[in-house]
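Summary of the model geometry
Here's the letter readout for the chains.
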Amino acid sequence: DTEVTQTPKHLVMGMTNKKSLKCEQHMGHRAMYWYKQKAKKPPELMFVYSYEKLSINESVPSRFSPECPNSSLLNLHLHALQPEDSALYLCASSQDWGEEANVLTFGAGSRLTVL
Amino acid sequence: GQQVMQIPQYQHVQEGEDFTTYCNSSTTLSNIQWYKQRPGGHPVFLIQLVKSGEVKKQKRLTFQFGEAKKNSSLHITATQTTDVGTYFCAGPSGTYKYIFGTGTRLKVLA
């Protein structure tokens, strides 16, 4: 299995809702990432988990809450989002870090619309 | 902070013409990666360059890493409609942290 699977593919939520995005990989990768991508822009790093521990938080607002229940799963919990948070949320994984191990495999993304 | 810029921002070419995108980093890079994102799709890894002056080829795609390891280029020979998409370079900015370039959107006219 060489895929990163993200669910749901599309999500529409109100500003008072609580929802979660899910990501799964079975490649044995030890690093998992959340990126946010606005239209016609590059992916922007939000969070990184390495060996199931939060390694990087790029000063993301607390209305986004990541969770890594085990080495194969990554969640992004959403609460009290703003319309400007509407974007494509991409999950990625890498074998680890270092030459040859840092190639990112992306999931298809979850397209989020906040009303 | 570190910036990675790409030019051009957009490129429209006739099918069969060549295409080149350039990537420039504000800092020296230990390596550089290239990704392709089709319209409506997600980034897909193409290649990684590590050595100064390195050149790698994948069929019609030629990738180059500059001697100073601050710039890179991707050249596509004889574009096809399947080459349509946005091409991103990405450079490391700390452990587990890749900064993506601004991207070049390629349209190929049949």
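Attention here is on the structure that accompanies the text.

1. Thoughts on the nonpolar core
In this structure, Trp34, Phe64, Leu76 and Leu78 of chain A are the most contacted members of the largest nonpolar core, which totals 22 residues. Contact partners of Phe64 of chain A, with chain neighbours within four places excluded, come to Met46, Phe47, Leu76, His77, Leu78, Leu81, Asp85 and Tyr89 of chain A. Counting 19 residues, the second largest nonpolar core, distinct from the first, contains Phe19, Leu49, Phe65 and Leu74 of chain B.

2. Focus on unusual backbone geometry
A cis amide bond links Thr7 of chain A with the next residue in sequence, Pro8 of chain A, at an omega value of -10°. The residue Pro8 of chain A is located in the loop between strand 1 (4–7) and strand 2 (10–13) in this model. Residues Ile7 of chain B and Pro8 of chain B are joined by a peptide bond in cis, for which omega reads -5°. Phi at Ala80 of chain A is positive, roughly 55°, even though this residue is not glycine. Along the polypeptide, Ala80 of chain A turns up in the loop between strand 8 (73–79) and strand 9 (87–94). Phi at Tyr96 of chain B is positive, roughly 65°, even though this residue is not glycine. Within the secondary structure, Tyr96 of chain B is located in the loop between strand 9 (85–92) and strand 10 (98–100).

3. A closer look at the pattern of salt bridges
Throughout the structure, instances matching the rule amount to 5 salt bridges over all chains. Residue Arg63 of chain A is joined to Asp85 of chain A by a salt bridge in which the shortest nitrogen-to-oxygen separation is 2.7 Å. Residue Arg63 of chain A is found in the loop between strand 6 (53–57) and strand 7 (64–70), and its partner Asp85 of chain A is found in the loop between strand 8 and strand 9; the two are separated by 22 residues along the sequence. On the basis of relative accessibility, which here comes to 2%, the residue Asp85 of chain A falls in the buried class. A salt bridge links Glu54 of chain B to Lys56 of chain B; the nearest nitrogen and oxygen atoms lie 3.8 Å apart.

4. Some thoughts on the packing of aromatic side chains
Ring pairs (aromatic) are described by centroid distance and by the angle formed between their planes. Residue and element names in this part refer to chain B. This structure, assessed with the given rule, holds 13 aromatic pairs over all chains. Between Phe19 and Tyr87 the ring centres are 5.9 Å apart and the planes differ by 40°, which places this aromatic pair in the tilted class. Here Phe19, found in strand 3 (residues 19–25), pairs with Tyr87, found in strand 9; they are 68 residues apart in sequence, far enough to count as distant. As far as burial versus exposure is concerned, Phe19 and Tyr87 are alike and both buried. The interplanar angle of 50° and the centroid separation of 6.5 Å between the aromatic rings of Trp34 and Phe63 together place this pair among those described as tilted. Of the two residues, Trp34 sits in strand 4 (residues 32–37) while Phe63 sits in strand 7 (residues 61–65), which places them 29 residues apart along the sequence. Residue Trp34 is classed as buried on the basis of its relative accessible area, which comes to 0%.

5. Examining the interface of chain A and chain B
Counting from both sides, the interface comprises 26 residues of chain A and, opposite them, 22 residues of chain B. Summed over both sides, the interface of chain A with chain B buries roughly 1,900 Å², with 61% coming from carbon and sulfur. Three residues, Lys40, Trp97 and Phe106 of chain A, lead the burial of chain A against chain B; their summed loss comes to 28% of the area buried on that side. Applying the counting criterion to the chain A and chain B interface returns 1 salt bridge. The salt bridge involving Lys97 of chain B is made with Glu58 of chain A; its shortest N-O contact spans 3.1 Å. Looking at the side of chain A that touches chain B, the element that brings in the most residues is strand 4 (residues 31–37) of chain A, giving 4 residues. A breakdown of the residues in the side of chain A that touches chain B according to their chemical character gives 16 nonpolar, 4 polar and 6 charged.

6. Things to note about the pairing of strand 1 of chain A
All names here are of chain A. With burial as the criterion, only one face of strand 1 is covered, namely that bearing Val4 and Gln6; the residues Thr5 and Thr7 on the opposite face remain uncovered. Here strand 1 pairs with strand 3 (residues 18–25) via 4 bridges, running antiparallel. Within the sheet, the bridge partner assigned to Thr7 lies in strand 3 and is Lys22.

Cut-offs and rules
- Residues numbered from 1 in each chain as written.
- Chains lettered and ligands numbered in written order.
- Predicted model: local features only at pLDDT ≥ 70, side-chain atom pairs only at ≥ 80, totals over all residues.
- Heavy atoms only, no water.
- Core = buried A, V, L, I, M, F, W, Y, C linked by side-chain atoms within 4.5 Å.
- Buried < 20%, exposed > 50% of the residue type's maximum accessible area, 1.4 Å probe, protein only.
- Contact = heavy atoms within 4.5 Å.
- Helix = DSSP H or I, 4+ residues; strand = E, 2+ residues; numbered from the N terminus.
- Salt bridge = Lys/Arg side-chain N within 4 Å of Asp/Glu carboxyl O.
- Phe/Tyr/Trp six-rings, centres within 6.5 Å; stacked < 30°, edge-to-face > 60°.
- Buried area = accessible area lost by both parts, 1.4 Å probe.
- Nonpolar A, V, L, I, M, F, W, Y, C, P; charged D, E, K, R; others polar.
- Pairing = 2+ DSSP bridges.

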